[in-house]
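Chain by chain, the residues:
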Amino acid sequence: MAKIIVVTSGKGGVGKTTTSAAISSGLALRGHKTAVIDFDIGLRNLDIVMDCERRVVYDFVNVINGEANLRQALIKDKRCENLYILPASQTRDKDALSQEGVERVLKELDEEGFEFIICDSPAGIEHGAFMALYFADMAIVVANPEVSSVRDSDRILGILQSKSRRAENGGQVEERLLLTRYNPARVAKGEMLGVEDVEEILATKLLGVIPESESVLKASNQGVPVIHDADSNAGQAYGDAVSRLLGEEVDHRFLSVEQKGLLQRLFRRSA
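Conventions adopted
- Residues numbered from 1 in each chain as written.
- Predicted model: local features only at pLDDT ≥ 70, side-chain atom pairs only at ≥ 80, totals over all residues.
- Heavy atoms only, no water.
- Helix = DSSP H or I, 4+ residues; strand = E, 2+ residues; numbered from the N terminus.
- Rg over C-alpha atoms; globule rule 2.2 N^0.38 Å.
- Buried < 20%, exposed > 50% of the residue type's maximum accessible area, 1.4 Å probe, protein only.
- Contact = heavy atoms within 4.5 Å.
- Areas by Shrake-Rupley, 256 points an atom, 1.4 Å probe, with all protein chains shown as cover.
- Salt bridge = Lys/Arg side-chain N within 4 Å of Asp/Glu carboxyl O.
- Arc of directions from axis to C-beta.
- Axes fitted to C-alpha atoms, helices over the stretch in contact; angles between N-to-C directions.
- Left-handed = near helix turned anticlockwise from the far one by under 90°.
- Nonpolar A, V, L, I, M, F, W, Y, C, P; charged D, E, K, R; others polar.
- Pairing = 2+ DSSP bridges.
- Parallel < 35°, antiparallel > 145°, perpendicular 65-115°, else oblique.

Caption draft 1: Representation of the overall build of the protein. Scanning the protein from N- to C-terminus turns up 13 helices and 8 strands. Over its C-alpha atoms the protein spans a radius of gyration of 19 Å, differing by no more than 12% from the 18 Å that the globule rule assigns to 271 residues. For the protein, the spread of C-alpha atoms along the principal axes amounts to about 65 × 40 × 35 Å. Here the protein holds 271 residues, and the buried ones make up 53% of them. For the protein, contacts bridging at least 24 residues in sequence account for 75% of all contacts bridging at least 6. Only carbon and sulfur atoms are counted for the fraction: they give 45% of the accessible area of the protein, which is about 12,800 Å².

This is the structure:
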């Protein structure tokens, strides 16, 4: 049975779509048949991050409304054999998503043999976000290490614990925290919350810490999920997060200020 994972947050601009693209790509690269769905109806950014916007013919809402079948709407990723994208509609509003329609699409994906279904949620607690999280088996809560982002993430955790289908049936959604745009130097100066601070506030198991990196913006602009950039810290950190998601024991990296070696210091002085 497919595992449904929602990538969510209470605040916009924290890196949900970047994370959805990276995690789904990472799972596919490991050989797992994976679908990633854009729930941000009316905006639609996932197809841009994954460089398939020109290939969109039918979308998520078309499938829900019976205007196209699932196979017509799914877009096969150019880089990963096992990855498929279901884009959002740019011309409808979020009310176009119905609980019955979303459930039907998720069931069809399961019947098609998908092992993982990643739901890229819009920010906040409106209808589209609720539809994305309702059927989740696991939630990856994305937050920046700042007070407002962490506070809003705490609100999302409360909704997961009370309004998801699992909660209604007396169960619980697995929760994982992903910290993005982490800068150890700023943490040391007291300008940013540390990992321990965020873990204490949210009381949620840490999936990964993604360092602040120009490679993330560069990758998004190029339409290449940053996990494909194995030379970047961010790409490596997302790779580590995927490993943990698959049950591997992997130490967290990029949590402390990098100590420059002697040669780096000498070259910096002479520059």
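From this point on, the discussion continues.
Caption draft 2: View of the pattern of salt bridges. Following the criterion strictly, the structure yields 15 salt bridges and no others. For the salt bridge of D51 with K78, the shortest nitrogen-to-oxygen distance reads 3.9 Å. Taken together, the residues span a long stretch of sequence, with D51 in the loop between α2 (46-49) and α3 (60-64) and K78 in the loop between β3 (75-76) and β4 (83-86) at a distance of 27 residues. One network of salt bridges, with partners in common, ties together K3, E174 and R176.

Caption draft 3: Main features of helix α10 (residues 195-202). Among the residues of α10, V195, V198 and L202 are the ones counted as buried. For α10, the angular spread of buried residues about the axis comes to 70 degrees, placing them on one side. Those residues of α10 that are exposed and angled more than 90 degrees off the buried face are E196 and E200. Those residues of α10 that are buried are in contact with α7 (147-163), β7 (174-182) and β8 (205-211).

Caption draft 4: Representation of the environment of R165. Tracing the sequence through the fold places R165 in helix α8 (residues 165-168). Along the chain, R165 and E81 lie 84 residues apart, while their C-alpha atoms are 31 Å from each other. Dropping the residues within four chain positions of it, R165 is found in contact with E103, Y134 and F135.

Caption draft 5: Representation of the packing of α7 against α10. Two elements in contact, α7 and α10, have axes separated by 10 Å at closest approach and are oriented at 35 degrees. Crossing hand, α7 versus α10: right-handed. Along the contact surface, α7 presents V150, S153, D154 and L157, while α10 presents V198, I201 and L202. Tallied by class, the residues present in the contact of α7 with α10 amount to 5 nonpolar, 1 polar and 1 charged.

Caption draft 6: How the structure looks around the sheet that holds strand β1 (residues 3-8). Reading across the sheet, the 8 strands line up as β3-β4-β2-β5-β1-β6-β7-β8 and stay open at both edges, with mixed pairing between neighbours. Either end of the sheet is taken by a strand with one partner, and the two such strands are β3 and β8. Alignment of strand β2 (residues 34-38) against strand β5 (residues 116-120), held across 5 bridges, turns out to be parallel. Pairing of V36 across the sheet is with I118, part of β5. Set on the sheet, α10 makes contact with β7 and β8; between it and β7 the angle comes to about 150 degrees. Across the sheet, helix α12 (residues 233-245) lies against β1, β6 (138-143), β7 and β8, angled at about 165 degrees from β8, the strand it touches most.

Caption draft 7: Looking closely at the side chain of N62. Mapped onto the fold, N62 is located in helix α3. Once you skip the residues sitting within four places of it in the chain, N62 turns out to touch V57, E67, A68 and R92.

Caption draft 8: Summary view of the pairing of β4. Here β4 shows no split at all, with L83 and I85 on one side and Y84 and L86 on the other all buried. Once β3 ends, the chain turns through 6 residues before running back antiparallel as β4.

Caption draft 9: Just the packing of helix α1 (residues 16-29) against α12, in detail. Running from amino to carboxyl end, α1 crosses α12 at an angle of 60 degrees, the nearest separation of the two axes being 9 Å. Judged by the angle between their axes, α1 and α12 are oblique. In the crossing of α1 with α12, the sense of the turn from one axis to the other is right-handed. For the pair formed by α1 and α12, the contact residues are T18, T19, A22, I23, G26 and L27 on the first element and Y238, A241, V242 and L245 on the second.

What is shown is where atoms sit, not what they do.
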